[in-house]
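# Descriptive analysis of the structure
The lines below spell out each chain.
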Amino acid sequence: MATVIDGKAVAQTIRSEIADEVRRLSQKYGKVPGLAVVIVGNRKDSQSYVGMKRKACAELGIKSFDIDLPEQVSQADLIKQVHQLNVNPDVHGILVQLPLPNHINEEKVLTEISLEKDVDGFHPLNIGKLAMKGREPLFLPCTPKACLELLSRSGVTIKGKKAVVVGRSNIVGLPASLLLLKADATVTIVHSHTSQPESIIREADIVIAAAGQPMMIKGGWIKPGAAVIDVGTNAVDDPTKKSGYRLVGDVDFEEVSKIAGWITPVPGGVGPMTVTMLLKNTVEGAKRTIEQNN
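So, here is what we can say about the structure in this document. (Residues numbered from 1 in each chain as written. Predicted model: local features only at pLDDT ≥ 70, side-chain atom pairs only at ≥ 80, totals over all residues. Heavy atoms only, no water.)

### So, the side chain of Ser 177
With respect to the helices and strands, Ser 177 occurs in helix α7 (residues 173–182). On the basis of relative accessible area, Ser 177 is assigned to the buried category, the value being 6%. Only 2.6 Å separates the side chain of Ser 177 from the backbone oxygen of Leu 174, close enough to count as a polar contact. (Helix = DSSP H or I, 4+ residues; strand = E, 2+ residues; numbered from the N terminus. Buried < 20%, exposed > 50% of the residue type's maximum accessible area, 1.4 Å probe, protein only. Polar contact = N/O pair within 3.5 Å; in protein donor to acceptor, adjacent residues only side chain to side chain.)

Okay, here's the thing in C-alpha coordinates:
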(Lines give C-alpha, C1' and ligand atoms only; values in the text may rest on other atoms or scores of the structure.)
Protein backbone atom coordinates (compact mmCIF):
# COMPACT_ATOMS: atom_id res chain seq x y z
CA MET A 1 0.00 0.00 0.00
CA ALA A 2 1.14 3.52 -0.78
CA THR A 3 2.28 5.88 1.95
CA VAL A 4 -0.55 8.41 2.31
CA ILE A 5 0.89 11.94 2.38
CA ASP A 6 -0.98 13.83 5.09
CA GLY A 7 -1.26 17.39 3.77
CA LYS A 8 -2.84 18.59 7.01
CA ALA A 9 0.10 17.39 9.11
CA VAL A 10 2.70 18.86 6.74
CA ALA A 11 0.76 22.14 6.63
CA GLN A 12 0.72 22.26 10.46
CA THR A 13 4.51 21.85 10.58
CA ILE A 14 5.01 24.66 8.05
CA ARG A 15 2.52 26.90 9.87
CA SER A 16 4.50 26.64 13.09
CA GLU A 17 7.62 27.64 11.11
CA ILE A 18 5.67 30.61 9.68
CA ALA A 19 4.45 31.65 13.16
CA ASP A 20 8.08 31.65 14.40
CA GLU A 21 9.13 33.89 11.50
CA VAL A 22 6.20 36.29 12.15
CA ARG A 23 7.25 36.54 15.81
CA ARG A 24 10.87 37.19 14.82
CA LEU A 25 9.89 40.03 12.44
CA SER A 26 7.61 41.53 15.08
CA GLN A 27 10.27 41.41 17.82
CA LYS A 28 13.16 42.61 15.66
CA TYR A 29 11.44 45.27 13.50
CA GLY A 30 8.12 45.91 15.24
CA LYS A 31 6.30 44.95 12.03
CA VAL A 32 4.11 42.00 11.09
CA PRO A 33 3.30 40.66 7.60
CA GLY A 34 0.04 41.94 6.10
CA LEU A 35 -2.17 40.13 3.58
CA ALA A 36 -4.99 41.85 1.70
CA VAL A 37 -7.70 39.56 0.36
CA VAL A 38 -10.02 41.14 -2.19
CA ILE A 39 -13.29 39.36 -2.93
CA VAL A 40 -15.89 40.48 -5.47
CA GLY A 41 -19.49 39.30 -5.11
CA ASN A 42 -20.73 36.49 -2.89
CA ARG A 43 -19.99 33.14 -4.54
CA LYS A 44 -20.26 30.51 -1.81
CA ASP A 45 -17.01 28.68 -2.73
CA SER A 46 -15.03 31.93 -2.93
CA GLN A 47 -16.49 33.08 0.40
CA SER A 48 -15.42 29.86 2.12
CA TYR A 49 -11.89 30.03 0.63
CA VAL A 50 -11.52 33.64 1.75
CA GLY A 51 -12.86 32.77 5.22
CA MET A 52 -10.20 30.04 5.52
CA LYS A 53 -7.44 32.45 4.48
CA ARG A 54 -8.54 35.13 6.95
CA LYS A 55 -8.82 32.65 9.81
CA ALA A 56 -5.35 31.26 9.07
CA CYS A 57 -3.89 34.80 9.10
CA ALA A 58 -5.40 35.42 12.53
CA GLU A 59 -3.94 32.17 13.90
CA LEU A 60 -0.40 32.98 12.75
CA GLY A 61 -0.27 36.66 13.68
CA ILE A 62 -0.48 37.93 10.08
CA LYS A 63 -2.53 41.13 9.74
CA SER A 64 -5.50 40.60 7.44
CA PHE A 65 -6.91 43.40 5.27
CA ASP A 66 -10.44 42.45 4.18
CA ILE A 67 -11.74 44.08 1.01
CA ASP A 68 -15.28 42.91 0.15
CA LEU A 69 -16.67 44.45 -3.03
CA PRO A 70 -20.15 44.09 -4.57
CA GLU A 71 -20.72 41.86 -7.61
CA GLN A 72 -21.42 44.90 -9.82
CA VAL A 73 -18.24 46.82 -8.93
CA SER A 74 -16.65 48.34 -12.06
CA GLN A 75 -13.28 47.14 -13.31
CA ALA A 76 -11.89 50.66 -12.85
CA ASP A 77 -12.95 50.73 -9.18
CA LEU A 78 -11.47 47.30 -8.54
CA ILE A 79 -8.16 48.38 -10.10
CA LYS A 80 -8.23 51.59 -8.03
CA GLN A 81 -8.59 49.42 -4.92
CA VAL A 82 -5.60 47.31 -6.01
CA HIS A 83 -3.51 50.47 -6.54
CA GLN A 84 -4.33 51.67 -3.01
CA LEU A 85 -3.14 48.33 -1.60
CA ASN A 86 0.02 48.51 -3.77
CA VAL A 87 1.10 51.72 -1.99
CA ASN A 88 0.04 50.66 1.53
CA PRO A 89 3.31 49.86 3.36
CA ASP A 90 1.52 47.54 5.84
CA VAL A 91 0.30 45.26 3.04
CA HIS A 92 2.94 42.76 1.86
CA GLY A 93 0.69 40.49 -0.15
CA ILE A 94 -2.40 41.10 -2.31
CA LEU A 95 -4.74 38.32 -3.32
CA VAL A 96 -7.68 38.90 -5.65
CA GLN A 97 -9.98 35.89 -5.25
CA LEU A 98 -10.80 34.28 -8.61
CA PRO A 99 -13.01 33.84 -10.54
CA LEU A 100 -14.09 37.45 -11.00
CA PRO A 101 -17.51 38.38 -12.45
CA ASN A 102 -17.76 38.21 -16.26
CA HIS A 103 -17.69 41.98 -16.80
CA ILE A 104 -14.16 42.19 -15.34
CA ASN A 105 -11.02 41.21 -17.25
CA GLU A 106 -9.05 38.99 -14.86
CA GLU A 107 -5.76 39.42 -16.70
CA LYS A 108 -5.99 43.23 -16.56
CA VAL A 109 -6.66 43.18 -12.82
CA LEU A 110 -3.92 40.66 -11.95
CA THR A 111 -1.35 42.60 -13.99
CA GLU A 112 -2.07 45.68 -11.84
CA ILE A 113 -0.93 43.93 -8.64
CA SER A 114 2.56 45.08 -7.64
CA LEU A 115 5.16 42.42 -8.47
CA GLU A 116 6.50 42.69 -4.89
CA LYS A 117 3.04 41.83 -3.51
CA ASP A 118 1.95 39.14 -5.98
CA VAL A 119 1.68 36.36 -3.36
CA ASP A 120 -0.48 34.27 -5.69
CA GLY A 121 2.48 34.13 -8.09
CA PHE A 122 0.32 34.79 -11.17
CA HIS A 123 1.88 38.03 -12.42
CA PRO A 124 3.14 37.47 -16.00
CA LEU A 125 6.64 38.52 -14.89
CA ASN A 126 6.69 35.95 -12.08
CA ILE A 127 5.48 33.19 -14.42
CA GLY A 128 7.92 34.39 -17.10
CA LYS A 129 10.87 34.14 -14.72
CA LEU A 130 9.68 30.71 -13.59
CA ALA A 131 9.87 29.62 -17.24
CA MET A 132 13.44 30.87 -17.69
CA LYS A 133 16.59 29.01 -16.72
CA GLY A 134 18.70 30.81 -14.14
CA ARG A 135 15.94 33.30 -13.23
CA GLU A 136 14.05 33.24 -9.97
CA PRO A 137 10.50 34.59 -9.63
CA LEU A 138 9.72 36.64 -6.51
CA PHE A 139 6.80 34.31 -5.77
CA LEU A 140 5.74 30.82 -6.86
CA PRO A 141 2.05 29.98 -7.45
CA CYS A 142 0.64 28.44 -4.25
CA THR A 143 -0.81 25.12 -5.44
CA PRO A 144 2.21 24.03 -7.54
CA LYS A 145 4.50 25.14 -4.68
CA ALA A 146 2.37 22.99 -2.33
CA CYS A 147 2.76 19.95 -4.63
CA LEU A 148 6.56 20.19 -4.65
CA GLU A 149 6.73 20.88 -0.92
CA LEU A 150 4.69 17.70 -0.27
CA LEU A 151 7.07 15.69 -2.45
CA SER A 152 10.25 17.02 -0.85
CA ARG A 153 8.97 16.73 2.73
CA SER A 154 7.91 13.12 2.01
CA GLY A 155 11.45 12.29 0.90
CA VAL A 156 10.58 11.87 -2.80
CA THR A 157 13.55 12.59 -5.09
CA ILE A 158 12.63 14.79 -8.05
CA LYS A 159 16.04 15.25 -9.72
CA GLY A 160 16.49 12.99 -12.74
CA LYS A 161 13.01 11.47 -12.42
CA LYS A 162 10.27 11.26 -15.07
CA ALA A 163 7.33 13.47 -14.10
CA VAL A 164 3.95 13.75 -15.78
CA VAL A 165 1.58 16.65 -15.14
CA VAL A 166 -2.03 15.95 -16.11
CA GLY A 167 -3.68 19.26 -17.06
CA ARG A 168 -2.24 22.55 -18.36
CA SER A 169 -4.12 25.31 -16.54
CA ASN A 170 -2.36 28.60 -15.78
CA ILE A 171 -3.07 28.06 -12.08
CA VAL A 172 -1.71 24.53 -11.58
CA GLY A 173 -0.68 22.42 -14.58
CA LEU A 174 1.60 24.83 -16.43
CA PRO A 175 3.45 26.28 -13.39
CA ALA A 176 3.73 22.80 -11.78
CA SER A 177 5.47 21.52 -14.92
CA LEU A 178 7.87 24.50 -14.86
CA LEU A 179 8.66 23.93 -11.16
CA LEU A 180 9.39 20.24 -11.78
CA LEU A 181 11.66 21.25 -14.67
CA LYS A 182 13.50 23.69 -12.37
CA ALA A 183 13.95 20.78 -9.91
CA ASP A 184 15.66 18.77 -12.73
CA ALA A 185 12.86 16.33 -13.55
CA THR A 186 12.11 15.29 -17.14
CA VAL A 187 8.60 16.60 -17.65
CA THR A 188 5.68 15.65 -19.90
CA ILE A 189 2.32 17.42 -19.89
CA VAL A 190 -0.77 15.34 -20.66
CA HIS A 191 -3.90 17.28 -21.70
CA SER A 192 -7.28 16.84 -23.36
CA HIS A 193 -5.73 16.40 -26.83
CA THR A 194 -3.05 13.90 -25.78
CA SER A 195 -3.51 10.50 -27.41
CA GLN A 196 -3.14 7.43 -25.16
CA PRO A 197 -2.52 9.41 -21.94
CA GLU A 198 -2.42 6.22 -19.83
CA SER A 199 0.71 4.91 -21.61
CA ILE A 200 2.52 8.21 -20.91
CA ILE A 201 1.37 8.36 -17.28
CA ARG A 202 2.43 4.74 -16.74
CA GLU A 203 6.09 5.71 -17.33
CA ALA A 204 6.09 8.45 -14.69
CA ASP A 205 7.94 8.30 -11.37
CA ILE A 206 5.94 11.37 -10.29
CA VAL A 207 2.36 12.20 -11.33
CA ILE A 208 0.68 15.52 -10.58
CA ALA A 209 -3.01 15.23 -11.48
CA ALA A 210 -4.79 18.54 -12.12
CA ALA A 211 -7.29 17.81 -14.88
CA GLY A 212 -10.58 18.37 -13.05
CA GLN A 213 -11.91 14.93 -14.09
CA PRO A 214 -13.25 12.82 -11.20
CA MET A 215 -11.28 9.59 -10.67
CA MET A 216 -9.92 9.65 -14.21
CA ILE A 217 -6.55 8.09 -13.35
CA LYS A 218 -6.92 4.38 -12.62
CA GLY A 219 -4.62 1.89 -10.91
CA GLY A 220 -3.49 0.41 -14.21
CA TRP A 221 -2.22 3.82 -15.33
CA ILE A 222 0.37 4.03 -12.54
CA LYS A 223 3.93 2.75 -12.42
CA PRO A 224 4.46 0.69 -9.24
CA GLY A 225 6.06 2.85 -6.53
CA ALA A 226 5.32 6.18 -8.23
CA ALA A 227 4.53 9.33 -6.22
CA VAL A 228 1.03 10.62 -7.02
CA ILE A 229 -0.08 14.14 -6.07
CA ASP A 230 -3.81 14.64 -6.64
CA VAL A 231 -4.83 18.29 -7.03
CA GLY A 232 -8.36 17.52 -8.26
CA THR A 233 -11.35 18.46 -6.11
CA ASN A 234 -14.55 17.19 -7.71
CA ALA A 235 -18.00 16.86 -6.17
CA VAL A 236 -19.75 13.59 -7.08
CA ASP A 237 -23.29 12.59 -6.10
CA ASP A 238 -23.49 10.52 -2.93
CA PRO A 239 -26.97 10.00 -1.44
CA THR A 240 -25.45 8.55 1.76
CA LYS A 241 -23.99 11.99 2.63
CA LYS A 242 -26.02 14.72 4.29
CA SER A 243 -24.86 17.19 1.63
CA GLY A 244 -25.85 14.74 -1.14
CA TYR A 245 -22.28 14.70 -2.52
CA ARG A 246 -18.70 13.81 -1.61
CA LEU A 247 -15.37 15.16 -2.78
CA VAL A 248 -13.07 13.00 -4.90
CA GLY A 249 -9.82 13.71 -6.70
CA ASP A 250 -8.72 13.18 -10.30
CA VAL A 251 -7.17 9.89 -9.15
CA ASP A 252 -9.07 6.72 -8.24
CA PHE A 253 -7.68 6.59 -4.69
CA GLU A 254 -8.82 3.02 -3.92
CA GLU A 255 -7.11 1.55 -6.97
CA VAL A 256 -4.03 3.77 -7.16
CA SER A 257 -3.13 3.52 -3.46
CA LYS A 258 -2.53 -0.22 -4.01
CA ILE A 259 0.14 0.48 -6.64
CA ALA A 260 1.73 3.87 -5.94
CA GLY A 261 4.56 4.45 -3.47
CA TRP A 262 3.08 7.73 -2.20
CA ILE A 263 -0.34 9.31 -2.69
CA THR A 264 -2.21 12.39 -1.46
CA PRO A 265 -5.84 11.96 -0.34
CA VAL A 266 -8.75 14.20 -1.37
CA PRO A 267 -9.70 16.05 0.74
CA GLY A 268 -6.75 16.53 3.13
CA GLY A 269 -3.84 16.40 0.69
CA VAL A 270 -2.96 19.44 -1.42
CA GLY A 271 -5.90 21.60 -0.17
CA PRO A 272 -4.62 22.46 3.34
CA MET A 273 -1.16 23.09 1.86
CA THR A 274 -2.31 25.66 -0.71
CA VAL A 275 -3.49 28.19 1.89
CA THR A 276 -0.31 27.52 3.89
CA MET A 277 1.85 28.32 0.84
CA LEU A 278 -0.06 31.59 0.40
CA LEU A 279 0.83 32.50 4.00
CA LYS A 280 4.44 31.41 3.43
CA ASN A 281 4.64 33.64 0.33
CA THR A 282 3.21 36.56 2.33
CA VAL A 283 5.78 36.15 5.10
CA GLU A 284 8.63 35.76 2.57
CA GLY A 285 7.47 38.96 0.82
CA ALA A 286 7.20 40.80 4.15
CA LYS A 287 10.65 39.64 5.22
CA ARG A 288 12.16 40.86 1.93
CA THR A 289 10.50 44.29 2.18
CA ILE A 290 11.04 44.84 5.91
CA GLU A 291 14.71 43.82 5.83
CA GLN A 292 15.39 46.01 2.77
CA ASN A 293 13.84 49.05 4.47
CA ASN A 294 15.58 48.64 7.82
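### Focus on the pairing of strand β3 (residues 63–69)
Across 7 bridges, the pairing between strand β2 (residues 34–40) and β3 is parallel. Residue pairing for β3: Val 38 is matched across the bridge by Ile 67. Between the parallel pair β2 and β3, the chain is carried across by helix α2 (residues 44–60), and the sense of this crossover is right-handed. (Pairing = 2+ DSSP bridges. Right-handed = clockwise from strand over helix to strand, strands pointing away.)

### Section: the packing of helix α1 (residues 7–29) against α2
How two helices sit against one another is set out by the angle between their axes and by the gap between those axes. Interaxial distance between α1 and α2 falls to 9 Å at its minimum, and their mutual angle equals 55 degrees. Classified by the angle between their axes, α1 and α2 sit oblique to one another. Along its contact with α1, which presents Arg 15, Ile 18, Ala 19 and Val 22, the element α2 presents Ala 56, Glu 59 and Leu 60. Of the residues contributing to the contact of α1 with α2, the split by class is 5 nonpolar, no polar and 2 charged. (Axes fitted to C-alpha atoms, helices over the stretch in contact; angles between N-to-C directions. Parallel < 35°, antiparallel > 145°, perpendicular 65-115°, else oblique. Contact = heavy atoms within 4.5 Å. Nonpolar A, V, L, I, M, F, W, Y, C, P; charged D, E, K, R; others polar.)

### A closer look at the sheet that holds strand β6 (residues 186–190)
Read across the sheet, 6 strands follow the order β1-β11-β8-β7-β5-β6 without closing on themselves; strand pairing throughout is parallel. With partners counted over all chains shown, the strands left at the sheet margins are β1 (3–4) and β6, one partner each. In this sheet, strand β8 (residues 227–230) lies alongside strand β7 (residues 206–209) in parallel orientation, the contact comprising 4 bridges. Bridge pairing in β8 places Ile 206 opposite Ala 227. Contacting β7 and β8, helix α6 (residues 142–153) runs over the sheet at an angle of about 150 degrees to β8.

### Notes on the sheet that holds β2
Backbone-to-backbone hydrogen bonds pair the strands of a sheet. The strands run either parallel or antiparallel. On the basis of which strands lie adjacent, the open sheet formed by 3 strands has the order β3-β2-β4 and parallel pairing. Unpaired on one side and paired on the other, β3 and β4 (93–96) mark the two borders of the sheet. For this sheet, the mean inter-axis angle between neighbouring strands, taken without regard to orientation, is 15 degrees. Bridge count between β2 and β4: 4 bridges; the pairing is parallel. The residue of β4 that forms the bridge with Val 38 is Val 96.

### What to know about unusual backbone geometry
Of note, the bond from Leu 98 into Pro 99 is cis; its omega dihedral lies within 30 degrees of zero at 0 degrees. Structurally, Pro 99 is set in the loop between β4 and α4 (106–111). For Gln 196, which is not glycine, the phi dihedral falls at a positive 50 degrees. A relative accessible area of 58% means that Gln 196 is categorised as exposed. A positive phi angle, close to 50 degrees, is found at Met 215, a residue other than glycine. Within the secondary structure, Met 215 sits in the loop between β7 and β8.

### Some words on the pattern of salt bridges
Per the stated rule, a full pass over the model turns up 15 salt bridges. Residue Lys 55 pairs with Glu 59 through a salt bridge whose shortest N-O separation is 3.3 Å. One end of the pair, Lys 55, and the other, Glu 59, are both in helix α2, 4 residues apart, so they sit about a helical turn from each other. Pair check on accessibility: Lys 55 and Glu 59 agree, each one exposed. For Asp 238, the salt bridge goes to Arg 246, with nearest N and O atoms at 3.3 Å. Asp 238 gets classed as buried once you look at its relative accessible area, which sits at 10%. Through salt bridges with shared partners, a single network forms among Arg 15, Lys 55 and Glu 59. (Salt bridge = Lys/Arg side-chain N within 4 Å of Asp/Glu carboxyl O.)

### Considering the packing of aromatic side chains
All chains considered together, the criterion is met by 0 aromatic pairs. Here the basic side chain of Lys 63 rests over the ring of Phe 65, its NZ or CZ set 4.7 Å away from the ring centre. Note that Arg 288 overlies the ring of Phe 139, its terminal NZ or CZ placed 4.9 Å from the centroid. (Phe/Tyr/Trp six-rings, centres within 6.5 Å; stacked < 30°, edge-to-face > 60°. Lys NZ or Arg CZ within 6 Å of the ring centre and 35° of its normal.)

### Regarding α7
The periodicity of an α-helix, 3.6 residues per turn, causes residues three or four positions apart to be oriented the same way. Where burial is concerned, most of α7 is hidden: 7 out of the 10 residues are buried. Residues of α7 that are buried: Gly 173, Pro 175, Ala 176, Ser 177, Leu 178, Leu 179 and Leu 180. Check the buried side of α7 and you find it contacts α5 (124–131), α6, β5 (162–166), β6 and β7. Trailing α7 by a residue or two, Asp 184 shows a phi angle of about 70 degrees, which is positive.

### Details of the environment of Gly 128
Counting through the fold element by element, Gly 128 comes out in helix α5. On the basis of relative accessible area, Gly 128 is assigned to the partly exposed category, the value being 26%. When the C-alpha positions of Gly 128 and Arg 54 are compared, they lie 29 Å apart, and in sequence the two are 74 residues distant.

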